[in-house]
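If you want the building blocks of each chain, they are given just below.
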Amino acid sequence: MQLQAKTAQVGALGGIFHLHSLSQVGLLTSNQGKAKFVYSDHPLNQSFGLPFDYNGTLDILIVPGQKGFLIFWFEKSLLASRNAGQLVNPVQVQEGSHTVYSSVFETNITIHSLAANENELAVLTRESNLYYGSLGILTNFMIKFAHQNVWSQDAALMFSNLGMLEILTPIPDSVFPAFDFQKCLVNIQAVLMDPQLQVDVCKVELLQGEFENKMYVIDMNSKLELTALMIPRPGTSPIPLAVVSNPHSVGLQAIIYEDGYTYGGNTKHKLNISLRQQHHSGRADPNFTSSIKRPTMSTITLDIANKEISCVDLKPLTALISIGCDLKKKIVIQNKISACYKGILDPVALQDNYTYVIEKWREEKFQEVMEAEYVLLELNGLFTYTYSLTAGTALCRAQPQNWTSIMWNASEERPFAWDRENYVSCHDPNNNAPLKWPEVPYQILGGRTANKVIFNQRNGIYIFFISVVDPYYSYCHLETTFSVYVYGAFPLPFSHSAIITTLLVVATLLSVWLAYMVPKLLHMEQGHRFRGFWVGLCRRCRQSCACFR
């Protein structure tokens with residue numbers, strides 16, 4: 001079987017997030033005319049898509065919106081999948097609210113071309129019939145419009161706007177090589193007003209949400225809160241349904257409640273939708289979730305379950321969600337002791353330990369105090385500091401990383417690249433590096449240990465580079481530089497033994513110097529005068545002593 005890709009109708013949000021490229025998907029066939037999808041990415045690679053019937057070469061139309069919606073078709077078949085091929089079902093054909101054909105294959109029509117947007121489907125057949133359908137969350141079906149002579153071999157369909165379909169037919173010019181196009185505009189809402197179609201009235205008057213067509217970011221350990229408003233027709237009870245296109249990465253919870261009345265007396269219903277990583281939802285099997293270390297994408301779509309085909313103007317509310325780094329986040333270093341530079345502390349208190357708080361900010365707004373694992377490096381090459389823990393006292397199972405090992409394996413472009421991408425915890429049970437040197441300093445701060453930086457007896461400024469290495473804290477490379485001014489480090493006091501030793505050394509050196517210099521001076525002229533002075537002084541002393549006798 002052949003697998004072909006066509007993306008002619010992909011819009012600004014077109015494409016399919018769930019399969020980053022069609023090269024990651026394979027289509028297996030069997031002798032019984034069945035096919036199924038296989039996937040290369042975790043966790044979809046652990047199972048196949050469910051088998052589906054096919055009877056010809058299929059083209060693929062990727063529905064815009066990045067919701068994982070695929071349409072498979074050829075002349076005698078029309079299939080649809082809302083989850084990137086995991087479940088593939090035939091598109092039904094209805095008359096009014098009743099299903100008359102469970103698949104296009106049963107209608108005995110020949111499909112010529114088709115078009116789709118996020119909510120609608122149109123099919124033009126060689127029998128010059130036009131079919132219109134709705135791409136819903138739960139069901140996909142289409143109805144047949146009244147017969148019109150609109151088919152030609154070169155005719156093509158295109159949605160120019162919501163509920164506005166164009167049938168384009170090129171008109172060749174015998175003189176000029178360019179083509180003009182004959183445009184047949186079809187107002188879907190006006191056609192559906194035909195009583196012969198027996199179309200039910202839409203049960204919803206308004207479905208509105210501020211998140212429509214926007215993009216949001218969910219970083220690790222973060223969540224997203226969205227709200228929407230639904231106003232049903234009086235006497236009806238439509239069911240809103242919120243779904244994500246990538247449930248392996250994003251989990252959601254939704255609640256709905258009455259929130260007052262309109263001026264016309266209709267009940268307003270408000271929906272609160274809470275989204276967070278599936279890993280942290282607490283409701284998914286670990287084999288179902290995608291890798292938490294890897295950024296992913298998803299969409300959130302709010303629509304009405306089993307929506308009537310007449311709800312042309314009521315398109316689904318869709319937003320794009322990036323499970324990854326929030327570029328507006330940063331870390332800020334703050335000293336939580338401020339009295340030291342206000343003159344409150346005395347010099348003795350200045351020798352006490354100081355602690356610094358690492359805070360997370362987003363758009364200059366404080367978020368939380370960071371307690372993840374991080375590393376420091378003095379940028380000026382000063383190493384007059386150490387750490388309070390060693391690999392052994394930090395209870396490491398394996399040999400921990402350090403700046404020496406990181407720089408040894410680093411590239412020239414990023415010599416200080418110690419971050420969440422290459423960090424391996426020594427407490428990880430999957431880390432098989434043997435603990436050969438338990439006495440080496442443990443250079444990772446924060447996290448599960450109470451490791452601290454200890455400065456030596458040196459006054460001065462330290463410029464530190466800080467990098468958050470915890471791979472489970474954020475998808476961002478959180479790093480910055482900050483300075484620490486160490487002062488009040490007094491000289492170490494001398495003990496009595498040190499003083500005695502110093503005096504003995506000085507006395508010995510003085511004695512040696514005198515033993516060398518005195519004989520040398522006695523043989524010089526100054527030495528003779530010095531010697532005569534002392535000899536004369538001794539004689540006078542003897543004479544004075546003799547007089548007292």
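Residues numbered from 1 in each chain as written. Predicted model: local features only at pLDDT ≥ 70, side-chain atom pairs only at ≥ 80, totals over all residues. Heavy atoms only, no water.

You'll find the protein chain entered in an unreviewed UniProt entry as Cation channel sperm-associated auxiliary subunit delta, with Phyllostomus discolor given as the organism. Turning to the protein chain, the UniProt annotation filed under Subcellular location (unreviewed entry) states: "Cell projection, Cilium, Flagellum membrane". UniProt's Sequence similarities (unreviewed entry) comment on the protein chain is quoted here verbatim: "Belongs to the CATSPERD family." (UniProt positions renumbered as here; feature names shortened; annotations may be inferred.)

Caption draft 1: Just the state of the cysteines, in detail. Here the structure, examined in full by the defined rule, presents three disulfides. Two residues share a disulfide in this structure: cysteine 202 and cysteine 311, whose sulfurs sit 1.9 Å from each other. A torsion of 105 degrees about the S-S bond marks the disulfide between cysteine 202 and cysteine 311 as right-handed. With cysteine 202 in the loop between helix H1 (188-192) and strand E18 (204-209) and cysteine 311 in the loop between strand E24 (296-304) and strand E25 (317-323), this residue pair connects regions lying 109 residues apart in the sequence. Each of the two residues, cysteine 202 as well as cysteine 311, counts as buried. Between cysteine 325 and cysteine 476 runs a disulfide, and the two sulfur atoms are separated by 2.1 Å. The sign of the S-S torsion, about 105 degrees, decides the handedness of the disulfide formed by cysteine 325 and cysteine 476: right-handed. Of this pair, cysteine 325 sits in the loop between E25 and strand E26 (329-335) while cysteine 476 sits in the loop between strand E33 (460-468) and strand E34 (479-486); the two residues are 151 residues apart in sequence, bridging distant segments of the chain. (Disulfide = S-S within 2.5 Å. Helix = DSSP H or I, 4+ residues; strand = E, 2+ residues; numbered from the N terminus. Buried < 20%, exposed > 50% of the residue type's maximum accessible area, 1.4 Å probe, protein only.)

Caption draft 2: The arrangement of the pattern of salt bridges in detail. According to the stated counting rule, one finds nine salt bridges in the structure shown. Across the salt bridge formed by lysine 223 and glutamate 225, the nearest N and O atoms sit 3.9 Å from each other. The exposure class assigned to glutamate 225 is partly exposed, which follows from its relative accessible area of 48%. (Salt bridge = Lys/Arg side-chain N within 4 Å of Asp/Glu carboxyl O.)

Caption draft 3: Region of interest: the sheet that holds strand E10 (residues 98-101). Strand order across the open sheet formed by six strands is E10-E9-E14-E13-E12-E11, with mixed pairing between neighbours. Looking at strand neighbours, the two that pair on one side only are E10 and strand E11 (111-116), the edges of this open sheet. Between one strand axis and the next, the sheet turns through 35 degrees on average, direction left out of account. When E11 meets strand E12 (residues 120-125), the two strands line up antiparallel, connected through five bridges. Within E12, the position partnered with alanine 116 by the bridge is leucine 121. (Pairing = 2+ DSSP bridges. Axes fitted to C-alpha atoms, helices over the stretch in contact; angles between N-to-C directions.)

Caption draft 4: Broad picture of unusual backbone geometry. At asparagine 221, a residue that is not glycine, the phi angle is positive and equals roughly 65 degrees. Relative to the helices and strands, asparagine 221 is located in the loop between strand E19 (215-218) and strand E20 (223-232). For asparagine 221, a relative accessible area of 46% corresponds to the partly exposed category. The phi torsion at leucine 395 lies on the positive side, around 60 degrees, for a residue other than glycine.

Caption draft 5: Local environment of the packing of aromatic side chains. Inspection of the entire model under this criterion finds 14 aromatic pairs. A ring pair is formed by phenylalanine 37 and phenylalanine 52, whose centres lie 6.3 Å apart and whose planes are at 25 degrees; its orientation type is stacked. Of this pair, phenylalanine 37 sits in strand E3 (residues 34-39) while phenylalanine 52 sits in strand E4 (residues 52-53), and the two are 15 residues apart along the sequence. Neither residue differs from the other here; phenylalanine 37 and phenylalanine 52 are each classed as buried. Members of the aromatic cluster, each reached through a chain of ring pairs, are Tyr385, Tyr387, Phe455, Tyr462, Phe464 and Phe482. In this structure, arginine 458 is placed above the aromatic ring of tyrosine 462, and the distance from its NZ or CZ to the ring centre is 5.2 Å. (Phe/Tyr/Trp six-rings, centres within 6.5 Å; stacked < 30°, edge-to-face > 60°. Lys NZ or Arg CZ within 6 Å of the ring centre and 35° of its normal.)

Caption draft 6: Inspection of empty space enclosed by the protein at higher detail. Under the counting rule described, the total for this entry stands at three cavities of 30 Å³ or more. Every residue along the wall of the largest cavity is listed here: Ser134, Gly136, Ile137, Leu138, Thr139, Phe141, Ile304, Ala305, Asn306 and Lys307. Along the lines of polarity and charge, the residues of the lining of the largest cavity split into five nonpolar, four polar and one charged. For the lining of the largest cavity, the two domains that each supply at least three residues are domain 1 (3-197) and domain 2 (204-323). (1 Å grid on protein atoms, 1.4 Å probe; cavity = no way out; pocket = protein on both sides within 12 Å on 5 of 7 lines; lining within 4 Å. Points joined across faces, edges and corners; volume = space filled by probe spheres on them. Nonpolar A, V, L, I, M, F, W, Y, C, P; charged D, E, K, R; others polar. Domains from an automatic or database assignment.)

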